[in-house]
Amino acid sequence: SLALHMSKSSKGGGKKGGQEAEKAKDTFQAVVLADSFVRRLAPITYEAPKALISLVNRPLIDYTMEMLAASGVEEVYIFVRSFIGEFQEWLQSSHWQRTLKVQWITGADASSAGDALRQIASMNLLRKDFLLVDGDVVSNFDLRKLRQTHRVNKA
């Protein structure tokens, strides 16, 4: 099963809508795989998803979102296949919905990152280049430089 949950809506129309559509084509997007498709942390992940495991009193996904926001990412698609209620609760209590355009995508049938990406691709949500990142990344790497290098090299 597959579902898209939008936290903010976008409206366009007229001349301004055309400008917004052009800007939307170059919006820095990211896909966060909130579920792990491996079981290295079992049995811990039987009760909570890896991305919501706490590190210094914050869930790991907070660090991922912080890196994305600091790198200029504007839209984030969070792919979740289990623990959907826990992730929704986390997002409601965080400030990320007010900071970024966050959309949920749920796909209980996905058994790999490839399955998740195929489901997302079938929804035609991604424009141009996008980042794919696991929901448990703790880093302060500025991804803008990576994006720029990717574009310069036409990778």
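Heads up: the structure comes first, above all this text.
Draft legend 1. Just the overall build of the protein, in detail. Secondary structure summary: the protein contains 7 helices and 7 strands in total. Among the 155 residues that make up the protein, the fraction classed as buried is 37%.

Draft legend 2. Summary view of the pairing of strand β2 (residues 29-33). The element β2 is largely enclosed, with a buried count of 5 among its 5 residues. Sheet topology note: the β2/strand β5 (residues 75-80) ladder contains 5 bridges and is parallel. Each bridged residue has a counterpart across the sheet, and for Gln 29 the counterpart in β5 is Glu 75. Two elements, β2 and strand β7 (residues 130-134), share 5 bridges in a ladder whose sense is parallel. Residue pairing in the sheet places Val 32 in a bridge with Val 133 of β7.

Draft legend 3. Seen up close, the nonpolar core. Ranked by internal contacts, the top residues of the largest apolar core, which has 24 residues, are Ile 61, Met 65, Leu 68, Val 76, Ile 78, Phe 87 and Trp 90. At the level of secondary structure, the elements contributing two or more residues to this core comprise β2, α3 (60-70), β5, α4 (84-93), β6 (101-107) and β7. Take this core: its biggest share by element is 4 residues, from α3. Excluding residues within four positions of it along the chain, Leu 68 makes contact with Ala 30, Val 32, Val 73, Val 76, Leu 131, Val 133 and Leu 143. The next biggest cluster of nonpolar side chains, apart from the first, holds 9 residues, and it includes Tyr 77, Ile 105, Ile 120 and Leu 125.

Draft legend 4. Structural view of a nonpolar patch on the surface. A surface patch of nonpolar side chains, amounting to about 270 Å² of accessible area, comprises Leu 55, Val 56 and Val 138. Along the chain, Leu 55 turns up in strand β3 (residues 54-55). The exposure class assigned to Leu 55 is partly exposed, which follows from its relative accessible area of 36%.

Draft legend 5. Region of the structure containing the packing of aromatic side chains. In the structure shown here, the tally under the stated rule is 1 aromatic pair. Over the ring of Tyr 63 we find Arg 58; its NZ or CZ atom is 4.3 Å from the centre of that ring. The ring of Phe 28 has Arg 147 sitting right over it, with the charged end atom 4.2 Å from the ring centre.

Draft legend 6. View of unusual backbone geometry. Phi at Val 56 takes a positive value of approximately 55 degrees, unusual for a residue other than glycine. Within the secondary structure, Val 56 sits in the loop between β3 and β4 (58-59). Of note, the phi angle at Phe 83 is positive, near 55 degrees, even though the residue is not glycine.

Draft legend 7. Main features of α3. Taken across its 11 residues, α3 has 8 buried, putting it largely inside the fold. Looking at α3, one finds that the buried residues are Leu 60, Ile 61, Asp 62, Tyr 63, Thr 64, Met 65, Met 67 and Leu 68.

Draft legend 8. Seen up close, the environment of Ile 120. With respect to the helices and strands, the residue Ile 120 is situated in helix α6 (residues 113-122). Sequence spacing of Ile 120 and Tyr 77 is 43 residues, and the spatial spacing of their C-alpha atoms is 8.8 Å. Not counting residues within four places of it along the chain, the set of residues in contact with Ile 120 comprises Val 31, Phe 79, Ile 105, Leu 125 and Leu 126.

Conventions we followed
- Position numbers for residues start from 1 in each chain and track the written sequence from start to end.
- Predicted model: local features are reported for residues with pLDDT of at least 70 only, side-chain atom pairs are reported and counted for 80 or more only, and whole-chain, interface and lining totals are derived from all residues.
- To obtain the side-chain values, all non-hydrogen atoms of the structure were used and water was disregarded.
- In this description a helix means any DSSP run of H or I spanning at least four residues, a strand means any run of E spanning at least two, and both kinds are numbered starting from the N terminus.
- Each residue is placed in one exposure class: buried if its accessible area under a 1.4 Å probe, protein chains only, is under 20% of its type's maximum, exposed if it is over 50%, and partly exposed if it falls in between.
- Two strands make a pair as long as DSSP finds a minimum of two bridges between them.
- We define a nonpolar core as any set of buried Ala, Val, Leu, Ile, Met, Phe, Trp, Tyr and Cys residues linked to one another through side-chain atoms lying within 4.5 Å.
- Any pair of residues with heavy atoms lying within 4.5 Å of one another is described as a contacting pair.
- The patches described consist of residues with a relative accessible area above 30% and no salt bridge, like charges being joined within 9 Å and nonpolar side chains (Val, Leu, Ile, Met, Phe, Trp, Tyr) within 5 Å.
- Per-residue accessibility takes into account occlusion by the displayed protein chains alone, with areas from the Shrake-Rupley method and a 1.4 Å probe.
- A side-chain nitrogen of Lys or Arg and a carboxyl oxygen of Asp or Glu constitute a salt bridge if their distance falls within 4 Å.
- The pairing test for Phe, Tyr and Trp rings, Trp by its six-membered ring, is centres within 6.5 Å, and the orientation test on the planes gives stacked under 30 degrees, edge-to-face over 60, and tilted for anything in between.
- The criterion is that NZ of a Lys, or CZ of an Arg, lies within 6 Å of the ring centre and within 35 degrees of the ring normal, and then a charge sits over that ring.

In short, shape yes, function no, at least from these values alone.
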